[in-house]
Every structure is written in C-alpha cells, then in structure tokens.
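# Understanding the architecture of this molecule
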Amino acid sequence: MTSTPILLWSQTPESVDITIRLPNIEEETVSCENNKFLFSCSSQSKNYQIEFDLDKAVEKVSYNKYDNRIAIVLEKADYEKWDFLTKARGIYKNNIKIDWDKWEDSEEEEPEGPSSGFGGMDMDSMRQMMGGMGMDSMQQMMGGMNMGGEGDEEEGEEEYDEEDEEDGEGEEEERE
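Everything in this summary refers to the structure shown in the same document. (Residues numbered from 1 in each chain as written. Predicted model: local features only at pLDDT ≥ 70, side-chain atom pairs only at ≥ 80, totals over all residues. Heavy atoms only, no water.)

Per the secondary structure count, the protein includes 4 helices and 9 strands. Starting at the N terminus and walking to the C terminus, you meet the elements of the protein as β-β-β-β-β-β-β-β-β-α-α-α-α. Per-residue burial for the protein yields a buried fraction of 26% across its 176 residues. Within the protein, contacts between residues at least 6 apart in sequence are counted, and of these 57% link residues at least 24 apart. For the protein, the exposed area adds up to about 12,800 Å²; of that, 43% sits on carbon and sulfur atoms. (Helix = DSSP H or I, 4+ residues; strand = E, 2+ residues; numbered from the N terminus. Buried < 20%, exposed > 50% of the residue type's maximum accessible area, 1.4 Å probe, protein only. Contact = heavy atoms within 4.5 Å. Areas by Shrake-Rupley, 256 points an atom, 1.4 Å probe, with all protein chains shown as cover.)

And the structure:
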C-alpha cells in the first residue's frame, strides 16, 4: 500500500521550497517534467508517493536528502508569487501545508496604512506575541477591561444592592 506524504512548502521570489519529513528515506524519486511534480520513496518499510500539476512553470528541480527529511527546490521560470502549489485547487488539502517558518513575503506585498487591520504588524510578529499565551492568560489579561456583557450586569446589581441598603431596604426585606 502506498501512503501520501505531508509536504511543507514555502517560496522566495526565485524558488519554491518543499520539505518532506520522513525518517530514513530510501529509493527516492523526485521529478518535475512538464510542470508535473512527482515524489516517491520508501521509509521504514512503507512506500510514499505524491503527484500533481504545479500551479506555475518551473525551470529546474534539485534536492538534498537528510536523515529525517528531504529538501526539494523548484526554481521558478518567472519570478512571480505563487498563490498555490498545485494547479487543481483543494487537491491533497490535508497533505500540502505552508511552511510558515520559511515563508518570505516581498516588501511590495505588505499592506500599507491603517487599513491593514494589524497596524503594520506582520503575522510572524503576531504569532510570536501570542505564542505562549493560553486561554487562562488571555482571560486574566482581559479581566480588567470592561468589554460589556456579564461584567456590566454584576456592576449594576452591586449598585442596586447599595442603593437598597441606603434606603433601609435590604435583600431580606424584599424576599418577605
């Protein structure tokens, strides 16, 4: 039986980089003819294969094999941004993922002005900023903020209780 490996891909203006993490890769085949990408190998007595049409043209393919991965470099025919790795959208959607650790955006792609929604902050900075924060930490951080909702009702109830006490009416009297 043949399994489909997981590909991590990123790009620079000149190339598309693909990383496939598998231990002890043997009998690997990496080819890119007529913009059809093909990878196959065996790893720990298991066979892997993936094949698809690339979204854009490639001039050259090269790769380096390591102990726990294979790094493939596809040199782009035109120095343009690829929005997708595959020509067919949605193919291998669970097996082809973006390698955010290697992704490089060109300066001209960065949004300008306050309309970017992040005030000029890139996604890497945001990911680092939020990286160690769990839900508990976030709730503690936001605990002092008046965000509306249940917190307002509690304040209103406290004020109501204080007014009742000032008037000489307590909660016990209201229950009777």
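We now examine a negative patch on the surface. A cluster of acidic residues, Glu59, Glu75, Asp78 and Glu80, forms a negative patch on the protein surface. Tracing the sequence through the fold places aspartate 78 in the loop between strand 8 (70-76) and strand 9 (96-98). On the accessibility criterion, aspartate 78 (46% relative accessible area) is partly exposed. (Patch = residues over 30% accessible without salt bridge, like charges linked within 9 Å, V, L, I, M, F, W, Y side chains within 5 Å. Salt bridge = Lys/Arg side-chain N within 4 Å of Asp/Glu carboxyl O. Lys, Arg positive; Asp, Glu negative; His and termini not counted. Charge placed at Lys NZ, Arg CZ, Asp CG, Glu CD.)

Relative to strand 6 (residues 46-53), strand 1 (residues 2-3) is paired through 2 bridges, and the arrangement is parallel. Looking at strand 6, one finds that threonine 2 is bridged to asparagine 47. Sheet analysis places strand 5 (residues 36-43) next to strand 6, joined by 8 bridges and oriented antiparallel. Note on strand 6: the bridge partner recorded for serine 43 is lysine 46. What sits between the antiparallel neighbours strand 5 and strand 6 is a turn of 2 residues, in which glutamine 44 has the positive phi angle 50 degrees. (Pairing = 2+ DSSP bridges.)

Of all hydrophobic cores here, the largest spans 23 residues; its most connected members are Leu7, Ile18, Phe37, Phe39, Leu54, Ile72 and Leu85. If you list the elements that add at least two residues to this core, you get strand 2 (7-11), strand 3 (15-20), strand 4 (25-33), strand 5, strand 6 and strand 8. For isoleucine 18, the contacting residues outside a window of four places in its chain are Leu7, Leu8, Trp9, Phe37, Ile70, Ala71, Ile72, Leu74 and Leu85. (Core = buried A, V, L, I, M, F, W, Y, C linked by side-chain atoms within 4.5 Å.)

Now for the pairing of strand 2. Of all 5 residues that make up strand 2, 5 are buried, and the element is covered over most of its length. Across 5 bridges, the pairing between strand 2 and strand 3 is antiparallel. Pairing of serine 10 across the sheet is with aspartate 17, part of strand 3. Taking the residues that link successive antiparallel strands as the turn, the strand 2-strand 3 hairpin has 3 residues.

A sheet is described by the order of its strands in space; here 5 strands give the open sequence 7-8-3-2-9, paired in mixed fashion. Among the strands making up the open sheet, the edge pair consists of strand 7 (58-65) and strand 9. Strand-to-strand twist of the sheet, defined as the mean angle between neighbouring strand axes without regard to direction, takes the value 25 degrees. Inspection of the sheet shows strand 7 paired to strand 8 by 7 bridges, in the antiparallel sense. Of the residues in strand 8, the one forming a bridge with serine 62 is valine 73. (Axes fitted to C-alpha atoms, helices over the stretch in contact; angles between N-to-C directions.)

Attention now goes to the environment of asparagine 94. Mapped onto the secondary structure, asparagine 94 falls in the loop between strand 8 and strand 9. What makes asparagine 94 exposed here is its relative accessible area of 56%. Linking asparagine 94 and isoleucine 6, residues 88 residues apart in sequence, is a C-alpha distance of 7.8 Å.

To continue, consider the packing of aromatic side chains. The full count for this structure, using the stated rule, is 2 aromatic pairs. Clustering of aromatic rings is evident, with ring pairs tying together Phe37, Phe52 and Tyr92. The ring of tyrosine 66 carries the charged tip of arginine 69 above its face, separated from the ring centre by 4.2 Å. (Phe/Tyr/Trp six-rings, centres within 6.5 Å; stacked < 30°, edge-to-face > 60°. Lys NZ or Arg CZ within 6 Å of the ring centre and 35° of its normal.)

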